[in-house]
Amino acid sequence: MDVQTPPVASVEFDVSILIVSFNTREILRQCLQSVVDNARELEAEIIVVDNGSSDGSAEMVEEDFPQVRLIRSTRNLGFAGGNNRALEEARGRYFVLLNSDAFFAPGALALAISHMEATPECGLGGCRLVGRDGSSQPSSRCFHSVLGDAIVLSGLAARFPNSRLFGRFDRTWTDQTIPAKVDWVPGAFTILRPSALKRVGFFDPAFFLYYEEVDLCRRFKAAGIPVWFWPDIEVVHIGGESSRQLTALDFSSHSAQVVLWRMRSTLIYYRKHHGWSVHLAKWMEQALYLGIMLRNRWSGKADRRERVRHHRTMLSLMGQAWRDTRGGRISPPQPW
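Here is a short report on the structure shown in this document. (Residues numbered from 1 in each chain as written. Predicted model: local features only at pLDDT ≥ 70, side-chain atom pairs only at ≥ 80, totals over all residues. Heavy atoms only, no water.)

**What to know about the packing of helix α10 (residues 254–274) against helix α11 (residues 277–296)**
Across the interface, α10 lies against α11 with an axial gap of 7 Å and an inter-helix angle of 145 degrees. Contacts between α10 and α11 involve R262, M263, T266, L267, Y270, R271 and H274 on the former and, on the latter, S277, V278, H279, A281, K282, E285 and Y289. Each residue belonging to the contact of α10 with α11 can be placed in one class, and the counts come to 6 nonpolar, 4 polar and 4 charged. (Axes fitted to C-alpha atoms, helices over the stretch in contact; angles between N-to-C directions. Helix = DSSP H or I, 4+ residues; strand = E, 2+ residues; numbered from the N terminus. Contact = heavy atoms within 4.5 Å. Nonpolar A, V, L, I, M, F, W, Y, C, P; charged D, E, K, R; others polar.)

The structure is reproduced here in structure tokens:
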């Protein structure tokens, strides 16, 4: 799909903080309070795009945060579409994209702005993401490759985090306390320079969820605009905690739906940036799942039987994702 070019907007604020929400009322309340607390000394505009929530999220914003500009969407636009809608309206000197399940640590927003001002060549910056327990989450990554994805999906990356080979994707072998130019940073928090965004365009709306920030960072890098990781900016991210809790899957579960979305976006990304290698990406995942099934299929242990069922579902989901996207050539009708 075509990437929208940002319009020329007048600068009226130090920063625009953009949040996309879908049925996250209570977490969104905490997120917004952290934003308000961090923005007290700044001329800031806060924009929330409600993606057709049914849990009263929009009403909560109107009642509890009247200073927030609320944009109601009648349908779920996804991460890319929702942020694009907010970016159309943003009028800040910098744009900060923040997940509704992410909260600023004290001083994080001002520190992010100071880093952008001190690094004028930077077009997009990221932070150190942590869970509520203070545990580190992946915060700066290398671009996807078939080999890199195989290492992550096989569990080798988690098993050997200090290896330059196995720890490459999440940069776990590096000193995570040192700022660095990186390939991409997760979309839970990013700070953008509007002039750089104008050069590369908004998020590609083909990505309903997952890979949209990878694609954007790849376009920044292709344009010669650096992406930076700044570990002294700290943001608490609840989503990183919940994603680790997804275990058993079946076609009717929410977990399976999310995995299917990830697989669709994987295929769209590989087709867009790697062409024919999308076939390798598909075959790699399928071979991995099939291998695990064959290794466990004759076991009488309950946990191994569950492992077979789990990976049979994963195998089927990849086949469905391939059909849905016609091998990564199209994005299925949205919302997914």
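Read on for the rest.
**Points about the packing of aromatic side chains**
Each aromatic ring pair is specified by the distance between its two centres and by the angle formed by the two planes. One pass over the structure, following the stated rule, counts 10 aromatic pairs. Centroid distance F208 to W261: 5.5 Å. Interplanar angle 80 degrees. Geometry classified as edge-to-face. Of this pair, F208 sits in the loop between α7 (194–200) and α8 (212–222) while W261 sits in helix α10, placing them 53 residues apart in sequence. Comparing F208 with W261 shows no difference in burial state: the two are buried. Considering the side-chain rings of W276 and W283, the 5.9 Å spacing of their centres and the 80 degrees angle between planes classify their relative orientation as edge-to-face. Given a relative accessible area of 43%, W283 falls into the partly exposed group. Seen from the ring of W336, R264 lies directly overhead, with NZ or CZ sitting 5.2 Å from the centre. Positioned above the aromatic ring of W298, the side-chain terminus of R297 is 4.7 Å from the ring centre. (Phe/Tyr/Trp six-rings, centres within 6.5 Å; stacked < 30°, edge-to-face > 60°. Buried < 20%, exposed > 50% of the residue type's maximum accessible area, 1.4 Å probe, protein only. Lys NZ or Arg CZ within 6 Å of the ring centre and 35° of its normal.)

**Section: the nonpolar core**
Core analysis: the largest hydrophobic core is formed by 54 residues, its most contacted members being L87, L124, L197, L216, F220 and M263. If one sorts the elements of this core by residue count, α10 sits on top with 9 residues. In contact with F220, other than residues within four places in its own chain, are G123, L124, L192, A196, L197, V200, I225 and V227. Counting 39 residues, the second largest nonpolar core, distinct from the first, contains I17, L109, L129 and V235. (Core = buried A, V, L, I, M, F, W, Y, C linked by side-chain atoms within 4.5 Å.)

**Details of the pairing of strand β2 (residues 44–51)**
Among the 8 residues in β2, 7 count as buried, and that is most of the element. Looking at chain direction, strand β1 (residues 13–21) and β2 are connected through 7 bridges and run parallel. Bridge pairing links I19 to V48 in β2. Running through helix α1 (residues 25–38), the crossover from β1 to the neighbouring parallel element β2 is right-handed. Two elements, β2 and strand β3 (residues 69–73), share 5 bridges in a ladder whose sense is parallel. From the neighbouring strand, V48 faces β3, where its bridge partner is L70. Handedness of the crossover is the feature at issue here: the chain leaves β2, passes through helix α2 (residues 57–64), returns alongside β3, and the resulting connection is right-handed. (Pairing = 2+ DSSP bridges. Right-handed = clockwise from strand over helix to strand, strands pointing away.)

**Quick word on the side chain of T24**
Structurally, T24 can be placed in the loop between β1 and α1. Side-chain polar atoms of T24 contact the side chain of S100, separated by 3.2 Å. When sequence neighbours within four positions are dropped, the list of residues in contact with T24 reads D55, S57 and S100. (Polar contact = N/O pair within 3.5 Å; in protein donor to acceptor, adjacent residues only side chain to side chain.)

**Topic: the pairing of β1**
Side-chain positions along a regular strand alternate between the two faces of the sheet. Across the 9 residues that make up β1, a large majority, 8, are buried. Where β1 and strand β4 (residues 92–99) come together, 7 bridges link them in parallel fashion. When the bridges of β4 are listed, V15 appears paired with Y94.

**A few points about the state of the cysteines**
Scanning the entire structure with this criterion turns up 0 disulfides. Lacking any disulfide linkage, C122 is separated from the closest cysteine sulfur, that of C217, by 9.8 Å. For C122, a relative accessible area of 1% translates into the label buried. In this model C127 remains outside any disulfide bridge; the closest cysteine sulfur is found in C31, 12 Å from its own. Since its relative accessible area comes to 2%, C127 is described here as buried. (Disulfide = S-S within 2.5 Å.)

**As for α2**
For α2, the full list of buried residues reads S57, A58, M60 and V61. The arc that holds every buried residue of α2, seen down its axis, measures 160 degrees, which confines them to one face. Looking at the buried positions of α2, the neighbouring elements they touch are β1, α1, β2 and β3. (Arc of directions from axis to C-beta.)

Any functional reading would require information that these geometric values do not contain.
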